[in-house]
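Read off the chains here:
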Amino acid sequence: MSIVRMKRFELLAMENDRQVLLAGLQRAGCVHVDEPENAPDWAEIALLAGRAENALDETREKLLTIGDALDILSKHNAIKRPFLAPKRALRQKELLDPTGVELALRDAREIISQSRRISALAAEEGKLEALVAGLEPWESVDVPLDAPQTAHLRILFGYAAPDVSWETLVSRAETDAPLAQLYPAGANREGVYFLALCHSAQEEGLLELLKEYRYTRLQMREFTGTAKANIDRLSEQKRKNAAEREEIAELLRASGDKQQPLELAFDHLSTAAGREETAGRLMATQRTFTLAGWVPESAAGYLDRALSAFDCAVSYESPGEEDDVPVLLRNSSIIEPINMVTEMYSLPKYTNIDPNPIMAPFMAAFFGMMYADMGYGAVLILLGSLVLKKKKPQGRQAYIWKLLRLGGIFSVIFGFIFGSFFGDLIPSFAKGFLGVENLFEKLFGGRYPFIDPLQGAMTVIIMSLVFGVIHLLFGMGVKAYLLIRDGKPLDALMDVGSWWLTFGGIAALALGATPWIMVAGLVSIVLTQGRHNPKLGGKLVSGLGKLYDITAYLSDVLSYLRLMALALASGVIANVFNILATMGGKSVGGILLFIVIVPVGHAFNMAINIIGTYVHAARLQFLEFFGKFFDDGGRPFAPLSIKTKYVDILKEDN
Amino acid sequence: MDTFGKLFFDVFNGNVLAYIGIALAVLLPGIGSAKGVGMVGEAGSGVMTEDPSKFSRILILQVIPGTQGLYGFAVGLIALINLGVIGGAPTALSLGQGGYVLAACLPIALVGWRSAISQGRVAAAAVGIVAKRPEEMFKGLMMAVMVEFYAILAFLVSMLMILFFQA
């Protein structure tokens, strides 16, 4: 329920034990290792740590190899990860066992080379295709492409511009170069293709003439035999290529059995990489190394026992004022998911307070009020429970679903108050299909829903503002608590008390009591809020200036109108879908319309609104609530631990 | 009344004013949403050429500027029902009543239109977050949702004015 208390931890141990010791610390997962401070000479340290760096590079390269192989398998649909299936659960020992890694690496390299072969084949096919396309116009010409020229005979392959007519070409050639003979080949977008046989004496004249028709001469010497024969040969080769490519792709598709060993190896290697990365950050001599970091107070005893097996010196120290202590928040499993909200903003400083437990009821209630619908809430509860049960997500993934479930519970509560179940689905249905108008009115005679958010919009507005005032006063109360805790009760009285007196006075005035309470509050603000100013005049002036903060509080309170706005907006859209769904009336078409529109429309409305609801509920915490007491910028506690992507580690006693 | 005056009031009556309002409420936010959704789609397709697996994240960003169109449609639909156009028996409105309906439609028409485009810009920029740091996508989403709030406010006022309209 709080920020976990940390101890500074220093360790001096033997270099020989390093691997085993780090592996042990990683398994324990409770030590946050700091970069060494005031390192005397980084170059020297890098040199000393050189061994670890090399090992790290090697491990990272292996990780990349296996990651690539997994990507390739997934591209070829060999990998199956059903939506609701949990990750494979393993014992620590199984994860840390290196036996399978070499084999997995060999498989991975094989998969990568197969994939490279596929790319190479595909590239070659492209080239073959281009060659065939180039030969196609010549298919009907049965002169071998490499037909030898003689002393007097010239053979010209080429084409003229596409808009040139064949007849013009022939007639021009007949008159201007009578010793040349043109034979037509095909034509395509590029041009009109033809073969020209010509006496060497008139070659130049012919080329000169053809130039007018934008003639391009082609070199065909690289081929042997006729175009037809070449096309057949190349097509055959392309077909073979494609077959081989398909064969390899089929092999890859069928390599699903390699998925699990590869994933296990990936997690094994990433665990090793984490360890080696830490090793690289240690200061070491030839025989010893030191490690400095942080450990939760509660884990110190356990760590001590674990380290007693090694020749080492350990010291623990309480953090001082100036220490930047890493922050770990520990909460019960109900409040835990709220951590997601806090982490998105920033962790608190170590000396601040864990906002999760104080924020949890507000977060859940605000979410519930904005989502306010029994049907929508029930869907969230079911969905959250289903995913948590079947998929067994860990960490942040689990927080999301737990938070949705929690929000769902409160949505049902507020939905019950507002009388909404998928909007006004029940009265709409009664009206559209049973012909009963105003069902709730007839059933409950105006006593239910307790608050009709549309007819009683004013009530919802007041409700929102009251929630806001409570939230803000509570935030200020937390600040007062922090000041008192840190031994500054006078500051608490002056900074929070003076405002509370003012707000209380305003409330009293509104209820018809004496205005003097409010005046006393205002005076106390003027007298106390400028006290940090060195001069008396300055004290009063800046105290007066602080009165201006009343507008800030006013805008803070008004900001809670978003509770009402989102509640009504999502409800109205839900009602609109119900109107559309019941538009068809009592007929087959009408019922079909209802069956289609109700699930689709409400699913859409739920999805759109859940984002808005979460964001606005979180925003009220970040800006209005945290602004009162929160000290952000805490550094997350990131212990050396086993972090896995594909498998889950079973919790067990070490 | 002269012929011109008669013609003028035949064309320019309360019902016509109301229908213009309804048309605007559906038209403008629809145009804005189409533009916003389009912008995100363009940016998103660029990212997906590199990494198609980001489809679902980008789709979430893409639908965000689409809600204004829905809000405008909802206001228009409820107005059509309230005025009896759906059902085939339109109420005859005075100029004042028609003006009221037109005014009721304006908040969502104008705010919905412009906010959808602004929101589309923010969401399109957030596509960059999905491309480079997908784990931080939610922060981009949050920025985009902030724009939505003003469309919700306008929608609510338009909707309340239409719902509580007594012809």
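Residues numbered from 1 in each chain as written. Chains lettered and ligands numbered in written order. Predicted model: local features only at pLDDT ≥ 70, side-chain atom pairs only at ≥ 80, totals over all residues. Heavy atoms only, no water.

## Considering the overall build of chain B
Regarding its fold elements, chain B presents 6 helices and 0 strands. Each helix and strand of chain B, ordered N terminal to C terminal, gives the series α-α-α-α-α-α. Its C-alpha atoms give chain B a radius of gyration of 20 Å, clearly above 15 Å, the size a compact globule of 167 residues would have. Projected onto its principal axes, the C-alpha positions of chain B cover 70 × 30 × 25 Å. (Helix = DSSP H or I, 4+ residues; strand = E, 2+ residues; numbered from the N terminus. Rg over C-alpha atoms; globule rule 2.2 N^0.38 Å.)

## What to know about the overall build of chain A
Looking only at helices and strands, one finds 23 helices and 15 strands in chain A. Against the globule reference of 26 Å for 654 residues, chain A gives a C-alpha radius of gyration of 39 Å, more extended than a compact globule. Once the C-alpha set of chain A is aligned to its principal axes, its extents read approximately 125 × 85 × 60 Å. Residue burial in chain A is summarised as follows: out of 654 residues, 45% are buried. If you sum the accessible surface of chain A, you get close to 33,800 Å²; carbon and sulfur atoms cover 60% of it. The positive charge centre, built from 66 side chains, and the negative charge centre, built from 74, are 6 Å apart in chain A. (Buried < 20%, exposed > 50% of the residue type's maximum accessible area, 1.4 Å probe, protein only. Areas by Shrake-Rupley, 256 points an atom, 1.4 Å probe, with all protein chains shown as cover. Lys, Arg positive; Asp, Glu negative; His and termini not counted. Charge placed at Lys NZ, Arg CZ, Asp CG, Glu CD.)

## What about the domain arrangement of chain A?
Taken domain by domain, chain A consists of domain 1 (1-34 + 284-328 + 645-654), domain 2 (147-219) and domain 3 (336-634). The C-alpha-based centres of domain 2 of chain A and domain 3 of chain A are spaced at 84 Å. (Domains from an automatic or database assignment.)

## Details of the sheet that holds strand β6 (residues 180-187) of chain A
All names here are of chain A. Reading across from one edge, β6-β7-β5-β8 is the order of the 4 strands in this open sheet, with antiparallel pairing throughout. Two strands bound the open sheet, and with one partner strand each, they are β6 and β8 (216-218). Each adjacent strand pair in this sheet contributes to an overall mean axis angle of 30 degrees, direction not counted. Note: strand β5 (residues 153-160) against β8, 3 bridges, orientation antiparallel. Considered in β8, the bridge of F157 is made with L218. Strand contacts of helix α6 (residues 166-176): β5, β6 and β7 (192-199), with the helix running at about 165 degrees to β6, the strand carrying the most contacts. (Pairing = 2+ DSSP bridges. Axes fitted to C-alpha atoms, helices over the stretch in contact; angles between N-to-C directions. Contact = heavy atoms within 4.5 Å.)

## Looking at the interface of chain A and chain B
For interface size, the figure often reported is the accessible area lost on association. Across the contact, 27 residues belong to chain A and 28 residues belong to chain B. It is A:M344, A:I611 and A:V615 that lose the most area in chain A upon contact with chain B, and together they represent 22% of the buried surface on that side. Run the count over chain A and chain B and you get 0 salt bridges. On the surface where chain A and chain B come into contact, there are 0 residue pairs in polar contact (both at pLDDT 80 or more). Listed by contribution, the elements that provide at least two residues to the side of chain A that touches chain B are α22 (561-581) and α23 (588-629) of chain A. Here the side of chain A that touches chain B gets 12 residues from one element, more than from any other, and that element is α22(A). Residue classes in the side of chain A that touches chain B are distributed as 21 nonpolar, 3 polar and 3 charged. (Buried area = accessible area lost by both parts, 1.4 Å probe. Salt bridge = Lys/Arg side-chain N within 4 Å of Asp/Glu carboxyl O. Polar contact = N/O pair within 3.5 Å; in protein donor to acceptor, adjacent residues only side chain to side chain. Nonpolar A, V, L, I, M, F, W, Y, C, P; charged D, E, K, R; others polar.)

## Notes on the environment of B:A123
Residues and elements named next belong to chain B. Checked against the element boundaries, A123 lands in helix α5 (residues 95-132). Linking A123 and V40, residues 83 residues apart in sequence, is a C-alpha distance of 6.2 Å. Those residues within four positions of A123 in sequence are excluded, and the remaining contacts are V40, L61, P65 and A144.

## Description of the nonpolar core
By size, the foremost hydrophobic cluster in this structure holds 113 residues, and its most contacted members are A:F629 and B:F155. Looking at which element gives the most residues to this core, the answer is α23(A), with 15 residues. Setting aside chain neighbours within four positions, we find A:F629 in contact with A:N352, A:I353, A:P355, A:I358, A:G475, A:V478, A:K479 and A:L482. (Core = buried A, V, L, I, M, F, W, Y, C linked by side-chain atoms within 4.5 Å.)

## Structural notes on the pairing of β5(A)
Residues and elements named next belong to chain A. Burial runs high along β5: 6 of the 8 residues are buried. Pairing between β5 and β7: 8 bridges, direction antiparallel. Within β7, the residue paired with I155 across the bridge is L197.

## A few points about the packing of helix α19 (residues 516-528) of chain A against helix α20 (residues 536-546) of chain A
Residues and elements named next belong to chain A. Orientation of α19 relative to α20, taken along the N-to-C sense of each, is 135 degrees, at an axis distance of 6 Å. With respect to each other, α19 and α20 are oriented oblique. The handedness of the crossing between α19 and α20 is right-handed. Residues I525, V526 and L527 of α19 pack against K539, L540, G543, L544 and K546 of α20. Its residues assigned to classes, the contact of α19 with α20 comprises 5 nonpolar, 1 polar and 2 charged. (Parallel < 35°, antiparallel > 145°, perpendicular 65-115°, else oblique. Left-handed = near helix turned anticlockwise from the far one by under 90°.)

## Considering the environment of A:V469
Residues and elements named next belong to chain A. By the secondary structure assignment, V469 is in helix α17 (residues 457-485). On the basis of relative accessibility, which here comes to 35%, the residue V469 falls in the partly exposed class. Sequence separation of V469 and E94 is 375 residues, and the distance between their C-alpha atoms is 54 Å.

## Here we look at the packing of aromatic side chains
Taken as a whole and assessed by the stated rule, the structure comprises 45 aromatic pairs over all chains. Relative to B:F165, the ring of B:Y100 has its centre 5.2 Å away and its plane inclined at 20 degrees; by these criteria the two rings are stacked. Of the two residues, B:Y100 is situated in helix α5 and B:F165 in the segment after α6 (137-163); the sequence distance between them amounts to 65 residues. A cation over a ring is seen here: A:R8 above A:W294, with NZ or CZ 5.3 Å from the ring centre. Positioned over the ring face of B:W113 is B:R114, at 5.4 Å from the centre of the ring. (Phe/Tyr/Trp six-rings, centres within 6.5 Å; stacked < 30°, edge-to-face > 60°. Lys NZ or Arg CZ within 6 Å of the ring centre and 35° of its normal.)

## Points about empty space enclosed by the protein
Applying the stated criterion across every chain, the model contains 4 cavities of 30 Å³ or more. The calculated volume of the largest cavity comes to roughly 100 Å³. Around the largest cavity, the lining is made up of 13 residues, and of these A:I608, A:G612, B:Y71, B:V145 and B:E148 lie nearest the centre. Of all the secondary structure elements, the ones that give two or more residues to the lining of the largest cavity are α23 of chain A together with α4 (67-82) and α6 of chain B. For the lining of the largest cavity, the per-class residue count stands at 7 nonpolar, 5 polar and 1 charged. There is about 50 Å³ of room inside the second largest cavity. Taken together, A:M363, A:A364, A:F367, A:L403, A:L406, A:G407 and A:Y614 make up the full set of residues lining the second largest cavity. Where the lining of the second largest cavity is concerned, the elements lending two or more residues are α12 (355-371) and α14 (395-418) of chain A. Partitioning the lining of the second largest cavity into residue classes produces 6 nonpolar, 1 polar and no charged. (1 Å grid on protein atoms, 1.4 Å probe; cavity = no way out; pocket = protein on both sides within 12 Å on 5 of 7 lines; lining within 4 Å. Points joined across faces, edges and corners; volume = space filled by probe spheres on them.)

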